[in-house]
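Residues per chain are reported as follows:
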Amino acid sequence: MTGEAPKPTPTEQLIQAFQQLLPDEAVLTDTEDLRPFECDGLSVYRRLPMVVVLPETVEQVQAIMRLCFAAKVPVVARGAGTGLSGGALPLEDGVLLSLAKFKQILDIDPQNAMATVQPGVRNLAISDAAAAHGLYYAPDPSSQIACTIGGNVAENSGGVHCLKYGLTVHNILQLKIVTVDGELLTIGSETLDSPGYDLLALMTGSEGMLGIFVEITVKLLAKPERAQVVLAAFDDVTKAGEAVGEIIAAGIIPAGLEMMDKLAIQAAEDFAHACYPRDAEAILLCELDGSNAEVSEQIMTVHKVLKQSGATEVRTAKDEAERQLFWKGRKSAFPAVGRISPDYYCMDGTIPRRQLPKVLRFMSELSNEYGLAVANVFHAGDGNLHPLILFDANTPGELQRTEEFGRRILEFCVEVGGTITGEHGVGMEKIDQMCVQFQSAELSQFHAIKKAFDPENLLNPGKAVPTLHRCAEFGAMHVHNGQLAHPELERF
């Protein structure tokens, strides 16, 4: 007598439903197929998802979300996986929804200076497509050759030109979003303003916790008549930090104002051969753009300010090729540092510009305390720091010391009036530091917003916003000599 076949488990039933909806190659369940999705750019956190699905139409995304909502299965959306905060870390009992196949530029509208794209389109591809019309997309993260616009919106990415032209939130007009239960919403509009609450700003930087982006309309800008970079070398990092504030105080808003310290300079020079002064303790890259007359006047002012601030060398890119070379060095800094250390931990905090010298001194003290070198590369103009802590994960205890080092940098950013992130997001990496930055009432409001969009907590759960219970535990762990390391945690 033949027995009945065992009844499929709920997981098997869900996977079977996906297989009926999508082609076989778009539903991944084998371990070797899941492995590429186990982490994002923060590779110290790794986890295999239950299943990976790769839809290619909005209708398929809607159907996937309806199935997951009915089964109460969590979903983590993923783009190119270049994020650096563990925001795309999958769940062992959840679905990893990859938007890699959503890579079409749907429309370039030069008359209205905007483009409509799918979330899997690479950041740089938008500017490439718009170039024929004399237009470009301003936000330019260092990973722009690989990162996707959907991830940029999820993390509210910036880049070297965000000082003058803003972050992602300032450069998008409209989003089409699939909700947790499969509905399709249009947030914002193709005009400069729309009635009702500003949900567009709410969605930008929401880290995949409120909806799945399936279409994005971005603003395009006209290419300036002229853009030129001034490179200034300093024999002291503090002087370079002070020069940043002096440039802004002179009434100039550069298109980009970047800073690198000696370790970063030497690594970038060895990698990109950008003609950086290897003996400098720090360099500033100051890009000015606009009309010919405007740029000429501003360059003279910037040269004067830099000299008065103690620059040992000031030079201006002689042509477009040298300008691109200067930027190549800066944008190559992260991979360049990867060549000189087995591992590095890329931090992301933001401070008021006036606090830059103080924070640089503090990081130098921590570097000596922990015995770990730091390469500083950051958007100095808007105070967005990216210290790279060099370490070796194969040395017992070194990863833990590195994470503690990074935690103290972020908490010091808050102490001086800044924030724990500028563009990388919170994800898994900084969730405990949210307890330092926000009070219980603020965190409760964050959870209320999350519940309004995702009542079952199925969209990227456990990321970005900590529970009050977690914050209480975090506070208890950081008690020294009977006192909290951070008195503000007493509110929990």
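Residues numbered from 1 in each chain as written. Predicted model: local features only at pLDDT ≥ 70, side-chain atom pairs only at ≥ 80, totals over all residues. Heavy atoms only, no water.

Description of helix α13 (residues 356-370)
Stated formally: Numbered from the N terminus, helices here are DSSP runs of H or I no shorter than four residues, and strands are runs of E no shorter than two. An expected span of 1.5 Å times one less than the residue number is assigned to each helix. Buried residues are those whose accessible area, probed at 1.4 Å on protein chains only, stays under 20% of the maximum for their type, while exposed residues exceed 50% and partly exposed ones sit between those limits. Note on contacts: a residue pair is in contact if any heavy atoms of the two residues lie within 4.5 Å.
Over its 15 residues, α13 runs 21 Å from end to end, which matches the ideal 21 Å to within 8%, given 1.5 Å per residue. Residues of α13 that are buried include every one of Leu356, Pro357, Val359, Leu360, Phe362, Met363, Leu366, Ser367 and Tyr370, and no others. Looking at the packing, one finds that the buried side of α13 touches α8 (237-249), β13 (256-261), β18 (374-378), β19 (384-385), β20 (387-391) and α14 (398-415). Count one or two residues on from α13 and you reach Gly371, which has phi positive near 65 degrees.

Details of the state of the cysteines
As a reminder of what qualifies: Put simply, a disulfide is two cysteine sulfurs that come within 2.5 Å.
If you walk through the whole model with that rule in mind, you get 1 disulfide. The disulfide partner of Cys435 is Cys471, and the gap between their sulfur atoms is 2.1 Å. Here Cys435 and Cys471 share a disulfide; its torsion about the S-S bond, -80 degrees, makes the bridge left-handed. Taken together, the residues Cys435 in helix α15 (residues 434-437) and Cys471 in helix α17 (residues 468-477) connect sequence positions 36 residues apart. Summarising the burial analysis for this pair, Cys435 and Cys471 share the class buried. A disulfide-free cysteine, Cys346 has its sulfur positioned 13 Å from the sulfur of Cys413, the nearest such atom.

Re unusual backbone geometry
Positive phi is not limited to glycine here, since Asn156 has a value of about 55 degrees. The phi dihedral of Cys275 falls on the positive side, at around 65 degrees, and the residue is not glycine. Within the secondary structure layout, Cys275 lies in the loop between α9 (262-272) and β14 (282-290). Exposure remark for Cys275: the relative accessible area of 38% places this residue in the partly exposed category.

Focus on the sheet that holds β13
Applicable threshold: Two strands pair if DSSP finds at least two bridges between them. Axis definition: a line fitted to C-alpha atoms, limited for helices to the stretch in contact. Angles are taken between N-to-C directions and run from 0 to 180 degrees.
Taken in spatial order, the 7 strands make up an open sheet running β15-β12-β14-β13-β18-β20-β16, and their pairing is antiparallel. Whereas interior strands pair on both sides, the edge strands pair on one side only; in this sheet they are β15 (313-316) and β16 (343-346). Neighbour-to-neighbour, the strand axes of this sheet turn through a mean angle of 15 degrees, independent of strand direction. Where β13 meets β18, 2 bridges bridge the pair, whose relative direction is antiparallel. By the bridge assignment for β18, Met259 is matched with Phe378. Sitting on the sheet, α9 touches β13, β14, β18 and β20, and the angle it makes with β13 is about 95 degrees.

Description of the pairing of strand β10 (residues 212-219)
For a regular strand, side chains alternate in direction, first toward one face of the sheet and then toward the other. With 7 of 8 residues buried, β10 lies mostly within the body of the structure. One ladder, built from 4 bridges, connects strand β6 (residues 114-117) with β10; its direction is antiparallel. Directly across from Val117, in β10, lies its bridge partner Ile216. As paired elements, strand β8 (residues 172-178) and β10 share 6 bridges and run antiparallel to each other. Bridge assignment links Ile172 to a residue of β10, and that residue is Val218.

Considering the sheet that holds strand β9 (residues 184-188)
With antiparallel pairing, the 5 strands of this open sheet are ordered in space as β5-β6-β10-β8-β9. Each edge of the open sheet is held by one strand with a lone partner, namely β5 (105-109) and β9. Neighbouring strand axes in the sheet, compared pairwise and without regard to direction, differ in orientation by 15 degrees on average. The pairing of β8 with β9 spans 5 bridges and is antiparallel. Across the sheet, Gln174 pairs through a bridge with Gly188, a residue of β9.

Brief notes about the confidence of the model for the protein chain
For clarity, the cut-off: Every residue gets a pLDDT, meaning the predictor's confidence in that residue, from 0 to 100.
Looking at the protein chain, the pLDDT average stands at 94 and 96% of residues meet or exceed 70. Taken together, the stretch residues 479-492 has pLDDT below 50 and engages in 30 contacts with residues farther than four places along the chain or on a different chain.

What to know about the packing of α13 against α14
So the rule is basically this: Here the word oblique covers every angle except those under 35 degrees (roughly parallel), over 145 (roughly antiparallel) and from 65 to 115 (roughly perpendicular). By convention the crossing between two helices is left-handed if the near helix lies anticlockwise of the far one by an angle smaller than a right angle, and right-handed if it lies clockwise. Under the convention adopted here, Pro, Cys and the residues Ala, Val, Leu, Ile, Met, Phe, Trp and Tyr are nonpolar, Asp, Glu, Lys and Arg are charged, and Gly plus all remaining residues are polar.
Their axes nearest at 11 Å, the elements α13 and α14 cross at an angle of 160 degrees. By the criterion of interaxial angle, the relationship of α13 to α14 is roughly antiparallel. As for the relative orientation of α13 and α14, their crossing is right-handed in sense. Listed contacts from α14 to Lys358, Val359, Phe362, Met363, Leu366, Ser367, Glu369 and Tyr370 of α13 are Arg401, Glu404, Phe405, Arg408, Ile409 and Phe412. Along the lines of polarity and charge, the residues of the contact of α13 with α14 split into 8 nonpolar, 1 polar and 5 charged.

Points about the packing of helix α1 (residues 10-21) against helix α3 (residues 58-71)
Viewed as axis vectors pointing N to C, α1 and α3 meet at an angle of 165 degrees, and their least axial separation amounts to 11 Å. With respect to their mutual orientation, α1 and α3 come out roughly antiparallel. For the pair α1 and α3, the sense of crossing is right-handed. Contacts between α1 and α3 pair Leu14, Ala17, Phe18 and Leu21 from the former with Gln60, Ala63, Ile64, Leu67 and Cys68 from the latter.

Observations concerning the packing of aromatic side chains
Any pair of aromatic rings gets described here by the distance separating the centres and the angle formed by the planes. Keep this limit in mind: Under the pairing criterion, centres of Phe, Tyr and Trp rings, with the six-membered ring standing for Trp, must be within 6.5 Å; the plane angle then separates stacked pairs below 30 degrees from edge-to-face pairs above 60, leaving the rest tilted. Working rule: Lys NZ or Arg CZ, within 6 Å of ring centre, within 35 degrees of ring normal, means a charge sits over the ring.
One pass over the structure, following the stated rule, counts 3 aromatic pairs. Between Phe362 and Phe412 the ring centres are 3.8 Å apart and the planes differ by 15 degrees, which places this aromatic pair in the stacked class. Note that Phe362 is positioned in helix α13 and Phe412 in helix α14, a separation of 50 residues in sequence. You'll find Phe362 and Phe412 in the same group, each marked buried. In this structure, Lys72 is placed above the aromatic ring of Phe69, and the distance from its NZ or CZ to the ring centre is 4.6 Å.

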